[in-house]
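The chain contents come next:
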Amino acid sequence: MHLGRTTLSKFLIQQLEGIEGSRDLGALLVDVAAAVKTISSMAAKGALGGLLGKAGTENVQGEQQVKLDVASNDVILKSCDWGGLVAGMASEELDDPYPIPAEYPRGRFLLVFDPLDGSSNADVNVSVGTIFSILRHDRKEAPKVEDFLQKGIEQVAAGYAIYGPSTMLVVTVGKGTHGFTLDREVGNFILTHPNLRIPEDTSEFAINTSNARFWEVPVHRYVTECQDGKSGERGRDFNMRWIASMVAEVHRILVRGGVFMYPRDTRDPEKPGRLRLMYEASPISFLVEQAGGAASTGRQRLMELLPHQLHQRVPVILGSKNEVERIVRYHWEHDKGIDRRYSSPLFNERSLFRPSAT
Ligand code: F6P
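Residues numbered from 1 in each chain as written. Predicted model: local features only at pLDDT ≥ 70, side-chain atom pairs only at ≥ 80, totals over all residues. Heavy atoms only, no water.

Visitor: Looking at this structure, I do not really get the domain arrangement of the protein. What am I missing?
Guide: How big an interface is tends to be expressed through the accessible area that disappears when the partners come together. Here the protein is described as being made up of domain 1 (8–193) and domain 2 (204–350). Between domain 1 and domain 2, the C-alpha centre-to-centre distance is 26 Å. Contacts between domain 1 and domain 2 engage 47 residues on the former and 32 residues on the latter. Viewed at the interface, domain 2 and domain 1 are joined by three salt bridges. For Arg276, the salt bridge identified is with Glu63, shortest N-O distance 2.6 Å. For the pair domain 1 and domain 2, the number of links is 15 residue pairs in polar contact (both at pLDDT 80 or more). When residues of the side of domain 1 that touches domain 2 are traced back to their parent elements, those giving at least two are strand S3 (86–91), strand S5 (109–117), strand S6 (128–136), strand S7 (157–163) and strand S8 (167–172). Element by element, the count of residues in the side of domain 1 that touches domain 2 is highest for S6, at seven residues. When the residues that make up the side of domain 1 that touches domain 2 are grouped by side-chain class, the tally is 24 nonpolar, 16 polar and seven charged. (Domains from an automatic or database assignment. Contact = heavy atoms within 4.5 Å. Salt bridge = Lys/Arg side-chain N within 4 Å of Asp/Glu carboxyl O. Polar contact = N/O pair within 3.5 Å; in protein donor to acceptor, adjacent residues only side chain to side chain. Helix = DSSP H or I, 4+ residues; strand = E, 2+ residues; numbered from the N terminus. Nonpolar A, V, L, I, M, F, W, Y, C, P; charged D, E, K, R; others polar.)

Below, the structure written as structure tokens:
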């Protein structure tokens, strides 16, 4: 027993001071944390919990849902719909926003979440997570879809849970990014990673290189330079990681730096990226920026993007500030046509003539 440890509740009382609606916001974060504990316990049971494998249903984006996706979604809805704290909720797994049942009071916040990020990893016992974003809704009327479509800079809080060897909750209310570890015996989240800071420089990048043929030129340029290592443009070796679970990649970056990319690609003009702006990119960008990192589409700060659809997808490039700024510069140079070496007509997104440092 470690007396004097800072629990999530104690931390929130201190952190939320001066923030409008702080009591309700604190209570909502505690409700989210309660849901995370339940999901953590379901995920940790693995095959014994009966929740591995496909659910046999598809979400609005036409993706196969796994049983743990569906169960996690229900856990969050049921943890947060009754307490008079939220006016409505939107989930990656639901076509439309979830209205608060008539028997419960409506609150002043909107909760937007991805209940199980990286869910393809659940069956193979690799880390998955939950991502959430909290927005204001100061009107009495029940929220419409348009009320959810707020820029990332409007978020009052954001966070993720990572279900790995330990379960952690990483949260920001705009006063830094802070990590809590679940003490399973006691059932409390304990502040273990206060004020996470992403190093400005890094030699580690994360991208799914199987999509290379669909990337834009600036991303090819960046990755090629990393792969060229010491003998190339960058003059040093880089390491690569790809877990295929955004929370796990972002967690690594928050702890030791790095850059994560799921960039724009040419696969489907309707989908200029894979990740969802409201459920993934916005909340994660808030956490990353609060930890001193940067987050961009390559051409625009993610936190300033105004969503035009609930399930909108966007390109995502985030992590160590100096690397993200470099990649943004590569996009700018490409768009201006001032990077002669990489803007040759022989080199385009589908060309065989990929740039190389030699
Ligand atoms: O849907 C989101 C997600 O699972 C992210 O967590 C992850 O970064 C990405 O998709 C993995 O994509 P892919 O299967 O293309 O590697």
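Visitor: So what exactly am I meant to see when it comes to the packing of aromatic side chains here?
Guide: Given two aromatic rings, one states the distance between the centres and the angle between the planes to describe the pair. Summed over all chains, the structure comprises four aromatic pairs. Note on Tyr222 and Tyr330: the rings are 6.5 Å apart at their centroids and 55° apart in plane angle, and the pair reads as tilted. Remark: Tyr330 occurs in helix H8 (residues 321–336) and Tyr222 occurs in helix H5 (residues 217–228); sequence separation between them is 108 residues. No difference in accessibility class separates Tyr222 from Tyr330, as the two residues are buried. An aromatic cluster of at least three residues, connected via ring pairs, comprises Trp242, Phe260 and Tyr262. The cationic tip of Arg221 hangs over the ring face of Tyr330; the distance from NZ or CZ to the ring centre is 3.6 Å. (Phe/Tyr/Trp six-rings, centres within 6.5 Å; stacked < 30°, edge-to-face > 60°. Buried < 20%, exposed > 50% of the residue type's maximum accessible area, 1.4 Å probe, protein only. Lys NZ or Arg CZ within 6 Å of the ring centre and 35° of its normal.)

Visitor: Would you mind showing me how to read the packing of H5 against H8 here?
Guide: Two quantities define a packed helix pair, namely the angle between the axes and the distance from one axis to the other. Where H5 meets H8, the axes come as close as 8 Å, and the angle between the chain directions of the two elements is 135°. Between H5 and H8, the angle is such that the two are oblique. At the point where H5 passes H8, the crossing takes the right-handed sense. Together, Val217, Pro218, Val219, Arg221, Tyr222 and Glu225 of H5 and Glu323, Arg326, Ile327, Tyr330, His331, Glu333 and His334 of H8 make up the contact between the two elements. (Axes fitted to C-alpha atoms, helices over the stretch in contact; angles between N-to-C directions. Parallel < 35°, antiparallel > 145°, perpendicular 65-115°, else oblique. Left-handed = near helix turned anticlockwise from the far one by under 90°.)

Visitor: Explanation requested: the nonpolar core in the structure shown.
Guide: When a protein is soluble and globular, its nonpolar side chains tend to lie buried together. The biggest cluster of nonpolar side chains holds 44 residues, and the ones touching the most others in it are Leu25, Met89, Leu111, Ile134 and Leu169. The dominant element in this core, judged by the number of residues it contributes, is helix H2 (residues 22–44), at nine residues. Other than its neighbours up to four places away in sequence, Leu111 contacts Val32, Ile76, Cys80, Val86, Gly88, Met89, Ala90, Phe132, Ser133, Ile134 and Phe148. If you look at the next biggest cluster of nonpolar residues, it comprises 29 residues, including Met246, Ala281, Ala291 and Leu305. (Core = buried A, V, L, I, M, F, W, Y, C linked by side-chain atoms within 4.5 Å.)

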